[in-house]
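Given next are the chains, with one letter for each unit.
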Amino acid sequence: MNDTDMIAALEAQAKNTKYLIDRLNRALYGFTFDEIIKLLGGNHDGEQGRGKSDPRDAE
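Residues numbered from 1 in each chain as written. Predicted model: local features only at pLDDT ≥ 70, side-chain atom pairs only at ≥ 80, totals over all residues. Heavy atoms only, no water.

## A few points about the side chain of Thr 32
Threshold: For helices the rule is a DSSP run of H or I covering at least 4 residues; for strands it is a run of E covering at least 2, with both sets numbered from the N terminus onward. Contacts were defined at the residue level, with two residues in contact if any of their heavy atoms lie within 4.5 Å.
Here Thr 32 lies in the loop between helix 1 (3–29) and helix 2 (33–39). When near neighbours in sequence (up to four residues on either side) are disregarded, Thr 32 contacts Asp 22, Asn 25 and Arg 26.

## So, the pattern of salt bridges
For the record, the criterion: Any carboxyl oxygen of Asp or Glu that lies within 4 Å of a side-chain nitrogen of Lys or Arg is treated as forming a salt bridge with it. A 1.4 Å probe rolled over the protein chains alone gives each residue an accessible area, and that area as a share of the maximum for its type sets the label: buried under 20%, exposed over 50%, partly exposed in between.
According to the stated counting rule, one finds three salt bridges in the structure shown. A salt bridge links Lys 18 to Asp 22; the shortest N-O distance between them is 2.7 Å. Of this pair, Lys 18 and Asp 22 both sit in helix 1, four residues apart, which is roughly one turn of the helix. When its relative accessible area of 40% is taken as the criterion, Lys 18 is described as partly exposed. Here the salt bridges do not stand alone but share partners, grouping Lys 18, Asp 22 and Asp 34 into one network.

Take it as geometry only, folks, not as evidence of what the structure does.
Here it is, written out as C-alpha cells:
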C-alpha cells in the first residue's frame, strides 16, 4: 500500500467516524457539532464568530 492509498483510506475512515459521531450527538443532544458551531456564530475555518459588540468590528 503506497502513501496515496493510505491517505485515501484514512480520509474514508475519518469521514465514517464523523458520520457516526454526528449520529451519536444528534441522538444524545439533538444537534451535531457543526450545527452547534453554526448556532453559536462560528464558521468552518476554525475562527469563532464575532458578535456585534466585538471591538475588532470597529477597526
